[in-house]
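Listed below are the residues making up each chain.
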Amino acid sequence: MCLFPESGRATPPGTARPLGLGVAYFALRADRPIVPLILGGTHELFRGRRFRLVVLPPVTARELAGLAPG
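What this report covers is the structure whose coordinates are included nearby. What you are looking at is a predicted structure, and each value in this text was computed from that prediction instead of being measured.

## Let's talk about the overall build of the chain
A count of helical and extended segments in the chain gives 2 helices and 2 strands. Start at the N end of the chain and walk to the C end: the helices and strands fall as α-β-β-α. Within the chain, buried positions represent 6% of all 70 residues. For the chain, the computed accessible surface area is about 6,300 Å², with 60% contributed by carbon and sulfur atoms.

Okay, here's the thing in structure tokens:
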């Protein structure tokens, strides 16, 4: 399952939009890790345009919140 958890209006290139709480809710309810993906170069898309995808290590919602596992 893929979620785009950002919320609010678009931000200038090179800055991150704030994250909503939905992704943590789904991860906690399903007891599954979150695999962060970073998409770069998407501010201007057209045929032939390249963008970059970076896959970060999986993390749990509890780890993101600084809580003990379990």
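## Observations concerning the environment of Cys 2
Positionally, Cys 2 belongs in the segment before helix H1 (22–30). Separated by 32 residues in sequence, Cys 2 and Ile 34 have C-alpha atoms that sit 9.7 Å apart.

## Some points on the packing of aromatic side chains
Across all of its chains, the model carries 1 aromatic pair by this definition. Their ring planes at 75° and their centres at 5.8 Å tell us that Tyr 25 and Phe 26 sit as a pair that is edge-to-face. On the basis of relative accessible area, Phe 26 is assigned to the partly exposed category, the value being 42%.

## Regarding a nonpolar patch on the surface
Residues Phe 4, Val 35, Leu 37, Leu 39, Phe 51, Leu 53 and Val 55 make up a contiguous nonpolar surface patch of roughly 710 Å² in combined accessible area. Elements with a minimum of two residues in the nonpolar patch: strand S1 (37–40) and strand S2 (52–55). One can find Leu 39 in strand S1.

## Some words on unusual backbone geometry
Leaving glycine out, the prevailing phi sign among residues is negative, and the prevailing peptide bond configuration is trans. For Asp 31, which is not glycine, the phi dihedral falls at a positive 55°. You can see Asp 31 is positioned in the loop between H1 and S1. For Asp 31, a relative accessible area of 64% corresponds to the exposed category.

Rules used in this analysis
- The residue numbering used here restarts from 1 in each chain and proceeds along that chain's sequence as written.
- Per-residue local features of the predicted model are confined to residues with pLDDT of at least 70, and side-chain atom pairs are confined, for both listing and counting, to 80 or more; whole-chain, interface and lining totals are unaffected and use all residues.
- Side-chain measures were taken over the full set of non-hydrogen atoms in the model, leaving aside hydrogen atoms and water.
- Secondary structure elements are defined from DSSP: runs of H or I of at least 4 residues count as helices, runs of E of at least 2 residues count as strands, and each element is numbered from the N terminus.
- When a residue's accessible area, from a 1.4 Å probe over protein chains only, is under 20% of the maximum for its type it is buried; when over 50% it is exposed; and in between it is partly exposed.
- Under the convention used here, a 1.4 Å probe and the Shrake-Rupley method define accessible areas, while residue burial counts only the protein chains that appear.
- Under the pairing criterion, centres of Phe, Tyr and Trp rings, with the six-membered ring standing for Trp, must be within 6.5 Å; the plane angle then separates stacked pairs below 30 degrees from edge-to-face pairs above 60, leaving the rest tilted.
- Patch membership requires over 30% relative accessible area and the absence of a salt bridge. Like charges are linked within 9 Å, and nonpolar side chains (Val, Leu, Ile, Met, Phe, Trp, Tyr) within 5 Å.
- Think of a salt bridge as a Lys or Arg side-chain nitrogen and an Asp or Glu carboxyl oxygen that are within 4 Å of each other.

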